[in-house]
Amino acid sequence: MICAIGIDVGGTGIALALVTSAGAILDRREFPTGDYDGSIAQAIAACRELGAVHPVAGVGLCCPGPMNLQTGEILNPFTMSWQGRNPVKDLRDALGLPVYLENDADAALLGEIRFGAARGYDSAVMVTFGTGVGGAVYAHGRLLRGEKKEYPEIGHMPVLPDDLECYCGVRGCLEIVASGTALLKLVELLDLSSIDELFVESDKTRKFHRRLQNLMSGTAAILVRCYAPGIILLGGGVIDHQYEAYARPMRQQIAKMPMLPPGGTTIARAQLGNDAGLIGAASLVFSPVA
Ligand SMILES: [Zn+2]
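For clarity, every value in this text was computed on a predicted model and none was experimentally measured.

The rules behind these values
- Residues numbered from 1 in each chain as written.
- Predicted model: local features only at pLDDT ≥ 70, side-chain atom pairs only at ≥ 80, totals over all residues.
- Pairing = 2+ DSSP bridges.
- Helix = DSSP H or I, 4+ residues; strand = E, 2+ residues; numbered from the N terminus.
- Axes fitted to C-alpha atoms, helices over the stretch in contact; angles between N-to-C directions.
- Buried ≥ 20, exposed ≤ 12 C-beta atoms within 10 Å, placed from the backbone.
- Right-handed = clockwise from strand over helix to strand, strands pointing away.

Caption draft 1: Region of the structure containing the sheet that holds strand β4 (residues 56-63). Pairing is mixed in the open sheet, where five strands are placed in the order β3-β2-β1-β4-β7. Each end of this open sheet is capped by a strand with a single partner; those strands are β3 (25-32) and β7 (99-103). Within this sheet the neighbouring strands show an average axis-to-axis angle of 15°, counted without direction. Bridge count between strand β2 (residues 13-19) and β3: seven bridges; the pairing is antiparallel.

Dropping the structure here:
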């Protein structure tokens, strides 16, 4: 059986897996994200180890954006220390295999469309709440791209324009209000013991709950009106623990909206968890997207 290797490069950790063409993970490796040269050397060694067990047709790599999909260069000065480096070229040269690159949010949505919660839908949007907030849009076999294959950044839409200012240049985007990083800052600011406590209604947390409600209902309205998706998936580490707090305001908002796409828009939890990016990236080897 020919497999592919999926590599998911995150801000704190790198996960690699040997993945079948049916999206099943056969073996995996994980290590912390370090400086570029050290991390790539570790990734190459892990690919060789995994490739020794099964023949490998290629490597699919996903990273936080921005990046140049044509050259493979990482262009992310915000959340990665890999800026200006080219993992596609370095992995290809070392392994002699084709290497595909995708933004992590798009890879995760591709995984969910091909093997997870969005199977069978013509169109889907996924929003991933982790350290940052990523998003991706899929319609009729294609991931939505902008000019020069740029990605829409759903995590940085100004949903609450009177709220905090983000490094992205707008106020009140999803990332500055509701990412894992934003939640941790709020826990500190409100002198709470944990993120879980932030999600329990109290005098201290009431204002946050109202903000989150407004943020997520606004997000649902924008996504439904702009993309008319059959399904909106929520994923990421924050959603693993707080799915209902994020999903409920979206469902309530959608229930109030006429002119939906036929059959309405479903809100659902991503199914493949942290493996969505890995599996989606690996699937590029067998079936690349335009
Ligand atoms: Zn932002």
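Caption draft 2: Up close: the pairing of strand β11 (residues 231-235). Within β11, five of the five residues are buried, leaving the element largely enclosed by the surrounding structure. Neither face of β11 is left uncovered, since the one carrying Ile231, Leu233 and Gly235 and the one carrying Ile232 and Leu234 both have all their residues buried. Where strand β8 (residues 123-129) lies against β11, five bridges are found, and the strand directions are parallel. Paired with valine 127 across the bridge in β11 is leucine 234. Strand direction decides the pairing type here: β11 and strand β12 (residues 266-269), joined by four bridges, are parallel. Looking across to β12, one finds that isoleucine 231 is bridged to threonine 266. Taking the sense of rotation as the criterion, the β-α-β connection linking β11, helix α8 (residues 237-255) and β12 turns out right-handed.

Caption draft 3: Structural detail: unusual backbone geometry. In this structure, aspartate 191 takes a positive phi of about 60° despite not being glycine. As for its position among the elements, aspartate 191 is in the loop between α5 (180-189) and α6 (195-198). By C-beta crowding, aspartate 191 is classed as exposed, having 8 other C-beta atoms within 10 Å. Look at alanine 228: it is not a glycine, yet its phi comes out positive at around 45°. Among the structural elements, alanine 228 can be located in the loop between α7 (206-227) and β11. Residue classification places alanine 228 among the partly exposed residues on the basis of 16 C-beta atoms within 10 Å.

None of this, on its own, says anything about what the molecule does.
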